[in-house]
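# Structural description and commentary
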Amino acid sequence: MSEEKDPHAPEALDAARAILNRMRESALSRGEARIDAAKAAKFEENAAARKARRRASSAPAKYTDGRDPQEIGNLFGKIVRDRGWSAPVAVGSVLSRWSELVGPQIAAHCTPESFEDSTVVVRCDSTTWATQMRLLSHELLKHFDKELGAGVITVIRVLGPAAPSWRHGGRSVKGRGPRDTYG
């Protein structure tokens, strides 16, 4: 005998409700719990509150005793001042920032070789530039005092170009070699 469906059953009257009921049954069979709208809204509020608490707790703490995180540049500057390394660091900056301090034209022809006891030794690529550098040394010392601090560099020793060696082999004749100016 065939079973007749009741025309007034909720499944027959509302197809959408029937599909919803089937979905609920399949969710229950998978082990998922049903939450009504009010509980879902409360769950969302709690999740937002937890997220806000996490954000607030991850903010860096403000300590008054100097334990706050600081920028590395500020820390490095403080260490340099505390240990008295200002002059050596300034000298290192002269050697590394040479073209910025003296300008590109001078830097193209004159390079710093060493620094000892507030004296910078500069090698020029020609005798003309060595003479020019000697004439400019007074102005450069004023500029270095302004940029690096007074007394860091007090003398600029200028060297001309290095002449080639005329000694070849095990035996050589004493003397100056050919009489020519190099540069």
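As shown above, the structure is provided for reference.
Computed from a predicted model, the values in this text were never measured in an experiment. (Residues numbered from 1 in each chain as written. Predicted model: local features only at pLDDT ≥ 70, side-chain atom pairs only at ≥ 80, totals over all residues. Heavy atoms only, no water.)

This paragraph deals with the overall build of the protein chain. Counting secondary structure elements, the protein chain contains 8 helices and 3 strands. Order of helices (α) and strands (β) in the protein chain, N terminus to C terminus: α-α-α-α-α-α-α-β-β-α-β. Across the protein chain, contacts joining residues at least 24 apart in sequence account for 50% of those joining residues at least 6 apart. Summed over all atoms, the accessible surface of the protein chain reaches about 14,800 Å², with 54% contributed by carbon and sulfur. (Helix = DSSP H or I, 4+ residues; strand = E, 2+ residues; numbered from the N terminus. Contact = heavy atoms within 4.5 Å. Areas by Shrake-Rupley, 256 points an atom, 1.4 Å probe, with all protein chains shown as cover.)

All told, the structure shown has 3 salt bridges when counted by the stated rule. Its salt-bridge partner being Arg-97, residue Glu-147 comes within 3.6 Å of it at the nearest N-O pair. Of the two residues, Glu-147 sits in helix 8 (residues 127–148) while Arg-97 sits in the loop between helix 5 (86–96) and helix 6 (98–102), which places them 50 residues apart along the sequence. Of the residues examined, Arg-97 reaches a relative accessible area of 26% and is grouped as partly exposed. (Salt bridge = Lys/Arg side-chain N within 4 Å of Asp/Glu carboxyl O. Buried < 20%, exposed > 50% of the residue type's maximum accessible area, 1.4 Å probe, protein only.)

Below, the discussion takes up the packing of aromatic side chains. Within the structure shown, the criterion is met by 1 aromatic pair. Between Trp-98 and Phe-144, the ring centres sit 6.2 Å apart and the planes meet at 45 degrees, which makes this aromatic pair tilted. Taken as a pair, Trp-98 in helix 6 and Phe-144 in helix 8 lie far apart in primary sequence, 46 residues in all. Side by side, Trp-98 and Phe-144 carry an identical accessibility label, which is buried. One residue, Arg-50, lies across the ring of Phe-43, its end atom 5.9 Å from the ring centre. (Phe/Tyr/Trp six-rings, centres within 6.5 Å; stacked < 30°, edge-to-face > 60°. Lys NZ or Arg CZ within 6 Å of the ring centre and 35° of its normal.)

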